[in-house]
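Structure assessment
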Amino acid sequence: MEELTEKDYDALDEDFTNNPPGIDPNRKGTGYFTQRKSLGRTITIDTLSADYLITKAIATHKTPSQIVGEMVRERIGT
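The text that follows walks through the structure, step by step, so that each part is easy to find. Please read all numbers here as calculations on a predicted model, not as lab measurements. Within each chain, residues carry numbers counting from 1 in the order of the written sequence. Local features are withheld for residues below a pLDDT of 70 in this predicted model, meaning they are given only at 70 or higher, and side-chain atom pairs are given and counted only at 80 or more; totals for whole chains, interfaces and linings count all residues. The basis for every side-chain value is the complete set of heavy atoms in the structure, and neither hydrogens nor water enter the calculation.

**What about a negative patch on the surface?**
Excluding any residue in a salt bridge, patches collect residues exceeding 30% relative accessible area, merging like charges within 9 Å and nonpolar Val, Leu, Ile, Met, Phe, Trp and Tyr side chains within 5 Å. Areas reported as accessible are Shrake-Rupley estimates using a 1.4 Å probe. Residue values count occlusion only from the protein chains shown. We define a salt bridge as a contact between a side-chain nitrogen of Lys or Arg and a carboxyl oxygen of Asp or Glu at a distance within 4 Å. Two residue types count as positive, namely Lys and Arg, and two as negative, namely Asp and Glu; His and chain ends fall outside the count. Lys charges are placed at NZ, Arg charges at CZ, Asp charges at CG and Glu charges at CD. There is a patch of like negative charges on the surface, built from Glu2, Glu6, Asp8, Asp10, Asp13, Glu14 and Asp15. Residue position: aspartate 15 is located in helix α1 (residues 6–18). Numbering of helices and strands starts at the N terminus; helices are DSSP runs of H or I of at least 4 residues and strands are runs of E of at least 2.

Structure (structure tokens):
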């Protein structure tokens, strides 16, 4: 890939300065980084639980997250 010249940098800077990206305050939580943050929540489980989840996931063609979600919903009665 060709490197940008000083003239190219100046043109990009001017373009972004004169045409800032639009922001819609009504679309809270729909952006890439917000979604990544919510996916980044993790918990640590013991080896037996992890093995169980992986085995169950393979057998049922589901993700471990789906299995945990089903178990939680069953436990709280929803």
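**Considering the pattern of salt bridges**
Going through the model one piece at a time under the given rule, you end up with one salt bridge. Between glutamate 70 and lysine 62 there is a salt bridge, and its shortest N-O distance comes to 2.7 Å. In this scheme, a residue with accessible area under 20% of its type's maximum is buried, one over 50% is exposed, and one in between is partly exposed, where area comes from a 1.4 Å probe on protein chains only. Residue classification places lysine 62 among the partly exposed residues on the basis of a relative accessible area of 32%.

**Description of a nonpolar patch on the surface**
On the surface, Leu4, Tyr9, Leu12 and Phe16 cluster together to form a nonpolar patch covering roughly 410 Å² of accessible area. Summarising the element assignment, tyrosine 9 is placed in helix α1. For tyrosine 9, a relative accessible area of 48% corresponds to the partly exposed category.

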